[in-house]
Amino acid sequence: MSDPFSIVIADDDPDVLTVLGKYLENPQYRVLLAENGSKALEILEREEIRLVISDLIMPGVDGLKLTEAVKRKNPDIPVLIMTAYGSIETAVHAMRVGASDYVTKPVNPEEFKVKVAKALEQYDLHREVTELKQDLSRSTTIAEVVGDSPAMRKVLNLVALVAKRDVPVVLIGESGTGKEVLAQVIHNASPRAKNSFVAISCGAVPETLLESELFGYLKGAFTGAYAPKKGLFEEADGGTLFLDEIGDAPMSIQTKLLRAVQEGEIRRLGSTRTIPVNVRILAATNKDLGRQVETREFRDDLFYRLSVVTIRIPPLVERKEDIPLLADHFLKIHGPKINGEVKGITADARFRLMSYSWPGNVRELENMIRRALVVARGEMIAESDLFPAGLHVQGGWDPDTEGMNGKDEGSLLNPLSEAQHSFHDAYFRDALTRTSGNIRKVAELAGISRKNVYEHLRRLDIDPADFRRRS
């Protein structure tokens, strides 16, 4: 039997502590009771805790302060807040400082147990994602885990779950979203990681060659087959075979793929002998396979065999919070090779990146950073380096007219201003946190003068002193 989950319950009412402790009497739980927030913090210092349950209103260290302290210590630990008021405002405030959920008093025992189980499940998911990122940081494919947007957290949660489970996975996403890289991530974090990861694009190879590439052939099987050759299924034996653009696979190939997946064996061209193979299939497509099944362009039996788990990779426009992180990442990996003098990206250039529509997704962003490194003339990549005059910017700002391509500028002015304001606020708050409120260092990070930093902070109603006090 695995070790019980250690749970801290903090409440200044001893009767409530007793009752809640009885609700969680379960061999799977080890419940520790704290009569106030300070006692809960003492327990956190000496015990490995998986869940904190706290009353909102307590003397001294209340529920909100306790939540903030828990998140500073370990962001993975979920906090369940209890409130007698049950107001939306109170709940929202608790969630903003890091609480994962809340319950109202008097506590309903069944609802309470369900929320505790859900919070513990959330802890395990966060730990799996953290461990996955640690595994990936030791591999050569880390670009795909750059970012902390809600959309990418959902993807990584699924990746953490499926990586350890030997089942087929279909990755769905637009071109340039990083489907092959994510497939490599799944392989690297799987029990098959020590064996081969083999990739092929089903849409880039002619039908006659695709069959021989996948299944191999015997000498003399066709004109030019002067020696026997292993197929990719054999090359990937014990490892992972990545079938990119699976929606473009011809029907004849789909039939043979089904047999290979279903029976775990293949037959080389020109041979009557079957060869057993142990291969995990990861597939990717930018097409709607369900629709292709309906139109009989894709075999339904193969579809169900492959799509045991489906992961949708969001386009970059759905994870714009990750754009600055990705841009910095690509600058870090390409900068030393292309232009070692460049140290960062100006604030105006970052704002411009946030307003662009990114039809080419992460791949386009990477190429744009590489191009900017080539033309940059100073220590900072400027807006003009990313969007040189004459470059057509689809759905974004036109560098020549300063208007919107194909859209009414007036109708989009307010939404764009709100989006930029939100980004400015998040950017400068992050910079102030990282520098402990040091304006000179913030100016260096943003690539602007200290005077401009102060102007931005006044406009955003941000007091740098708040961040100095926190440090």
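Keep in mind that this is a model prediction, so the values were computed, not measured.

Asks: Kindly report on the sheet that holds strand E12 (residues 309-312), identifying the contributing residues and their values.
Replies: In a beta sheet, neighbouring strands are held together by backbone hydrogen bonds and run either parallel or antiparallel to one another. Read across the open sheet, the five strands follow the order E7-E8-E11-E6-E12; overall the sheet is parallel. Both outer strands of the open sheet, strand E7 (197-201) and E12, are each paired with one neighbouring strand and no more. Mean inter-strand twist for the sheet, computed between neighbouring axes without regard to direction, equals 20 degrees. The sheet contact formed by E7 and strand E8 (residues 240-244) spans five bridges and is parallel.

Asks: With reference to specific residues and values, describe the side chain of Ser 355.
Replies: Topologically, Ser 355 is positioned in helix H14 (residues 347-355). Exposure remark for Ser 355: the relative accessible area of 11% places this residue in the buried category. Polar contacts involving the side chain of Ser 355 include one to the main-chain carbonyl oxygen of Arg 352, which spans 3.0 Å.

Asks: Would you mind going over unusual backbone geometry in detail, with residue names and values included?
Replies: Cis geometry is adopted by the peptide bond preceding Pro 106, which originates at Lys 105 and carries an omega value of -5 degrees. With respect to the helices and strands, the residue Pro 106 is situated in the loop between strand E5 (101-104) and helix H5 (109-137). Backbone geometry at Trp 358 places phi at a positive 55 degrees, although glycine is not the residue there. Among the structural elements, Trp 358 can be located in the loop between H14 and helix H15 (361-375).

Asks: Outline the nonpolar core, supporting the account with residue identities and numerical values.
Replies: Core analysis: the largest hydrophobic core is formed by 30 residues, its most contacted members being Leu 214, Phe 233, Leu 241, Leu 243, Ile 246, Leu 257 and Phe 298. Those elements that provide at least two residues to this core are E7, helix H8 (207-215), helix H9 (232-235), E8, helix H10 (251-263), strand E11 (280-285), helix H11 (289-294) and helix H12 (300-306). Counting residues per element, this core draws most heavily on H10, which supplies four residues. Residue contacts for Leu 241: discarding those within four places in its chain leaves Val 198, Leu 214, Leu 232, Phe 233, Ala 236, Val 279, Arg 280, Ile 281 and Leu 282. Membership of the second largest hydrophobic core comes to 24 residues, among which are Ala 349, Trp 358, Leu 365 and Ile 369.

Asks: Explain the packing of helix H6 (residues 150-163) against helix H7 (residues 179-188) to me, using residue names and the numbers behind them.
Replies: Interhelical geometry of H6 versus H7 gives an angle of 40 degrees and a closest axis separation of 9 Å. One element, H6, and the other, H7, form an angle in the oblique class. For the pair H6 and H7, the sense of crossing is right-handed. Of H7, the residues touching H6 (which contributes Val 155, Val 159, Val 162 and Ala 163) are Leu 182, Val 185 and Ile 186.

Asks: Describe the confidence of the model for the protein, with residues and values.
Replies: Overall, the predicted model of the protein reaches an average pLDDT of 82, with 84% of residues at or above 70. Across residues 137-144, confidence stays below pLDDT 50; counting only partners more than four residues off in sequence or on other chains, it has 17 contacts.

Asks: Could you give an account of the side chain of Arg 268, naming the residues involved and the relevant values?
Replies: Among the structural elements, Arg 268 can be located in the loop between strand E9 (265-267) and strand E10 (274-276). In this structure, Arg 268 is in contact with Phe 215, Gly 216, Tyr 217, Leu 218, Pro 228, Lys 229, Lys 230, Glu 234 and Ile 275, ignoring residues within four places of it in sequence.

Asks: Tell me what's going on with helix H1 (residues 14-23), and back it up with residues and numbers.
Replies: Among the residues of H1, those classed as buried are Leu 17, Leu 20 and Gly 21. Relative to the axis of H1, the buried residues are bounded by an arc of 105 degrees and lie together on one face. Exposed side of H1, more than 90 degrees from the buried face: Asp 15 and Lys 22 are the residues found there. The N-cap of H1, judged by a side-chain oxygen 2.9 Å from the amide nitrogen of Asp 15 a few residues on, is Asp 13.

Asks: If you had to explain the packing of helix H13 (residues 323-338) against H15 to someone new, which residues and values would you point to?
Replies: Look at H13 against H15: their axes get within 9 Å of each other, and the N-to-C directions meet at 45 degrees. The angle between H13 and H15 places the two elements in the oblique class. Crossing handedness for the pair H13 and H15: right-handed. Residue-level inspection shows Ile 323, Leu 326, Ala 327, Phe 330, Leu 331, Ile 333, His 334, Gly 335 and Ile 338 of H13 in contact with H15, the latter providing Val 362, Leu 365, Glu 366, Ile 369, Arg 370, Leu 373 and Val 374. Split into classes, the residues belonging to the contact of H13 with H15 amount to twelve nonpolar, two polar and two charged.

Asks: An account of the sheet that holds strand E3 (residues 51-55) is requested, with residue identities and associated values reported.
Replies: Strands sit in the order E2-E1-E3-E4-E5 across an open sheet of five strands; the sheet is parallel. Every other strand in the sheet has two partners, leaving strand E2 (29-34) and E5 as the edge strands with one partner each. On average, each strand axis in the sheet is inclined to that of its neighbour by 20 degrees, with strand direction left out of account. In the sheet, strand E1 (residues 5-10) pairs with E3 via four bridges, with the strands oriented parallel. By the bridge assignment for E3, Ala 10 is matched with Ser 54. Each of E1, E2 and E3 is contacted by helix H2 (residues 37-46), which is oriented at about 135 degrees to E2, the strand it contacts most.

Asks: Explain the environment of Leu 214 to me, using residue names and the numbers behind them.
Replies: Topologically, Leu 214 is positioned in helix H8. In this structure the C-alpha to C-alpha distance between Leu 214 and Lys 230, which are 16 residues apart in sequence, comes to 8.5 Å. Once residues within four sequence positions are removed from consideration, Leu 214 is found in contact with Ile 200, Gly 231, Leu 232, Phe 233, Leu 241, Leu 243, Ile 253 and Leu 257.

Asks: Give me a nonpolar patch on the surface: which residues, what numbers.
Replies: Taken together, the side chains of Ile 338, Val 374 and Val 375 define a hydrophobic patch exposed on the protein surface, amounting to about 240 Å² of accessible area. Mapped onto the secondary structure, Val 375 falls in helix H15. Looking at Val 375, the relative accessible area reads 39%, which means it is partly exposed.

Asks: With reference to specific residues and values, describe the packing of aromatic side chains.
Replies: Applying the stated criterion to the full structure yields eight aromatic pairs. Relative to Tyr 29, the ring of Phe 5 lies with its centre 6.5 Å away and its plane at 45 degrees, an arrangement referred to as tilted. With Phe 5 in strand E1 and Tyr 29 in strand E2, this residue pair connects regions lying 24 residues apart in the sequence. Across this residue pair, the class does not change: Phe 5 and Tyr 29 are buried. The interplanar angle of 5 degrees and the centroid separation of 5.5 Å between the aromatic rings of Phe 215 and Phe 233 together place this pair among those described as stacked. Residue Phe 215 is located in helix H8, and its partner Phe 233 is located in helix H9; the two are separated by 18 residues in the primary sequence. Through successive ring pairs, a cluster of aromatic residues spans Tyr 356, Trp 358 and Phe 387. Here the basic side chain of Lys 115 rests over the ring of Tyr 102, its NZ or CZ set 5.4 Å away from the ring centre.

Analysis parameters
- Residues numbered from 1 in each chain as written.
- Predicted model: local features only at pLDDT ≥ 70, side-chain atom pairs only at ≥ 80, totals over all residues.
- Heavy atoms only, no water.
- Pairing = 2+ DSSP bridges.
- Helix = DSSP H or I, 4+ residues; strand = E, 2+ residues; numbered from the N terminus.
- Axes fitted to C-alpha atoms, helices over the stretch in contact; angles between N-to-C directions.
- Buried < 20%, exposed > 50% of the residue type's maximum accessible area, 1.4 Å probe, protein only.
- Polar contact = N/O pair within 3.5 Å; in protein donor to acceptor, adjacent residues only side chain to side chain.
- Core = buried A, V, L, I, M, F, W, Y, C linked by side-chain atoms within 4.5 Å.
- Contact = heavy atoms within 4.5 Å.
- Parallel < 35°, antiparallel > 145°, perpendicular 65-115°, else oblique.
- Left-handed = near helix turned anticlockwise from the far one by under 90°.
- pLDDT = per-residue confidence, 0-100.
- Arc of directions from axis to C-beta.
- Nonpolar A, V, L, I, M, F, W, Y, C, P; charged D, E, K, R; others polar.
- Patch = residues over 30% accessible without salt bridge, like charges linked within 9 Å, V, L, I, M, F, W, Y side chains within 5 Å.
- Areas by Shrake-Rupley, 256 points an atom, 1.4 Å probe, with all protein chains shown as cover.
- Salt bridge = Lys/Arg side-chain N within 4 Å of Asp/Glu carboxyl O.
- Phe/Tyr/Trp six-rings, centres within 6.5 Å; stacked < 30°, edge-to-face > 60°.
- Lys NZ or Arg CZ within 6 Å of the ring centre and 35° of its normal.

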